[in-house]
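# Remarks on the overall topology
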Amino acid sequence: MKKKNCYDVNDVNSAEIPEFVYESLAKSLLPVIQKYYESDEGKRAFAEWKEKKEAAAKDST
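Attention here is on the structure that accompanies the text.

### Let's talk about the packing of helix H1 (residues 19-38) against helix H2 (residues 40-60)
It is at 4 Å that the axes of H1 and H2 come closest, and there the two elements cross at 80 degrees. Accordingly, the angle class assigned to the pair H1 and H2 is roughly perpendicular. Along the contact surface, H1 presents Tyr36, Tyr37 and Glu38, while H2 presents Asp40, Glu41, Gly42, Lys43, Ala45 and Phe46. By residue class, the composition of the contact of H1 with H2 is 4 nonpolar, 1 polar and 4 charged.

This is the structure:
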């Protein structure tokens, strides 16, 4: 029986990505994302997004 490695192709014809790749990406992006949302621009963008989401929730009920 052939041993499957992390780069074998799965059922949807795409390579499986090893868990360590996701972890490495998350560790490198987290500080950048945190810095953005702590900035004035990030706080403004988050407030706008939150207002739109709340308005959409009210409209759907």
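Once you've had a look at it, read on.
### Topic: a nonpolar patch on the surface
On the surface, Leu25, Leu29, Ile33, Tyr36, Tyr37, Phe46 and Trp49 cluster together into a nonpolar patch covering about 680 Å² of accessible area. Going through the elements one at a time, H1 and H2 are the ones with two or more residues in the nonpolar patch. When residues of the nonpolar patch are assigned to their parent elements, the largest contribution, 5 residues, is made by H1. Here Leu29 is to be found in helix H1. Under the relative-accessibility criterion, Leu29 is labelled partly exposed at 40%.

### Details of the packing of aromatic side chains
The tally for this structure, following the rule as stated, stands at 3 aromatic pairs. With a centroid separation of 6.5 Å and 90 degrees between ring planes, the pair formed by Tyr37 and Phe46 is classed as edge-to-face. Look at Tyr37 and you get partly exposed, because its relative accessible area is 44%. Accessibility expressed as a relative area gives 40% for Phe46, which makes it partly exposed. Members of the aromatic cluster, connected to one another through ring pairs, are Tyr36, Tyr37, Phe46 and Trp49.

Definitions and cut-offs
Once a new chain begins, its residue numbering starts again from 1 and follows that chain's sequence as written. pLDDT decides what is reported in this predicted model: residues at 70 or higher carry local features, side-chain atom pairs at 80 or more are listed and counted, and totals for whole chains, interfaces and linings draw on all residues regardless. Only heavy atoms go into the side-chain values, all of them from the structure, while hydrogens and water stay out. Angles here are taken between N-to-C directions and fall from 0 to 180 degrees, while the axes themselves are lines fitted to C-alpha atoms, restricted in helices to the stretch in contact. What counts as a helix is a DSSP run of H or I of at least four residues, what counts as a strand is a run of E of at least two, and both are numbered from the N terminus. Any angle between 65 and 115 degrees counts as roughly perpendicular, while under 35 counts as roughly parallel, over 145 as roughly antiparallel, and the rest as oblique. Two residues form a contact once any of their heavy atoms are found within 4.5 Å. In this classification, Asp, Glu, Lys and Arg are treated as charged, Ala, Val, Leu, Ile, Met, Phe, Trp, Tyr, Cys and Pro as nonpolar, and every other residue, Gly included, as polar. Patches in this entry comprise residues that are over 30% relatively accessible and not in a salt bridge; like charges within 9 Å are linked, as are nonpolar side chains (Val, Leu, Ile, Met, Phe, Trp, Tyr) within 5 Å. Reported accessibility uses the Shrake-Rupley method at a 1.4 Å probe radius. Residues are deemed covered only where the shown protein chains occlude them. Here, a salt bridge means any Lys or Arg side-chain nitrogen found within 4 Å of an Asp or Glu carboxyl oxygen. Remark: exposure states derive from per-residue accessible area (1.4 Å probe, protein chains only) relative to the maximum for the residue type, with buried under 20%, exposed over 50%, and partly exposed in between. Each pair of aromatic rings taken from Phe, Tyr and Trp, with Trp reduced to its six-membered ring, is defined by centres within 6.5 Å and is described as stacked if the planes are under 30 degrees apart, edge-to-face if over 60, and tilted in the remaining cases.

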